[in-house]
Every structure is written in C-alpha cells, then in structure tokens.
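Read off the chains here:
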Amino acid sequence: AGSVVDDTRRALRERRKELGSVSAIVMCGCLLREIQVRNDDQVGGFEALFGEAPVLGFSSYGEIYRSVVSQSASLIVFA
C-alpha cells in the first residue's frame, strides 16, 4: 500500500542498525513488485538503496493460489 522504495529503505535501515553493517544481500521479490517500481518510475531510487553491498536476487510470481495474494519481497541481509 505504501512506497516500495520507502518501505525497503526503512527495512534496510533497521537491519543496518541491528547488525552494524551490511556486507551482502540476497533478495527474492514478487514480479508484480518489480512492475510497480517500473510503473512508478522508481527504478533509480530502488537500485540506489543497494549501493553499499553486493546483491544477488531474482523476481518470482509470489504467492499464487487462483490469484496473486501479495507483492512481497524477502531479503536476507548479511553483516
């Protein structure tokens, strides 16, 4: 419901505060989230969030059972 960029920035800020630093990130995001970022012209802002550490990730179709249930993303953050 909110901004993908703002929500992700907030989550990364919390992990940085908890861990002290971020050395790498593994990310799996729903394809619809990626489409939303592109449609909202926020690709540059989203990519800028990950400048401090290498990121490995992919997009999936998320949770589907007769329809898409959410536009979620899962990030594993390493200190």
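Structure: above.
Since the structure is predicted, the reported quantities are computational estimates derived from the model, not experimental observations.

Considerations on the pattern of salt bridges
Side chains that differ in charge, positive against negative, can pair when their charged atoms come close. Throughout the structure, instances matching the rule amount to 5 salt bridges. In this structure, the salt-bridge partner of D6 is R9, at a minimum N-O distance of 2.9 Å. Of this pair, D6 and R9 are both found in helix 1 (residues 4–19), 3 residues apart, which corresponds to roughly one turn of the helix. Two residues, R16 and E52, come together in a salt bridge whose shortest N-O distance is 2.6 Å. Here R16, found in helix 1, pairs with E52, found in the loop between helix 3 (43–48) and strand 2 (55–60); they are 36 residues apart in sequence, far enough to count as distant. For R16, a relative accessible area of 29% puts it in the partly exposed group.

Quick notes on the rules
Residues numbered from 1 in each chain as written. Predicted model: local features only at pLDDT ≥ 70, side-chain atom pairs only at ≥ 80, totals over all residues. Heavy atoms only, no water. Salt bridge = Lys/Arg side-chain N within 4 Å of Asp/Glu carboxyl O. Helix = DSSP H or I, 4+ residues; strand = E, 2+ residues; numbered from the N terminus. Buried < 20%, exposed > 50% of the residue type's maximum accessible area, 1.4 Å probe, protein only.

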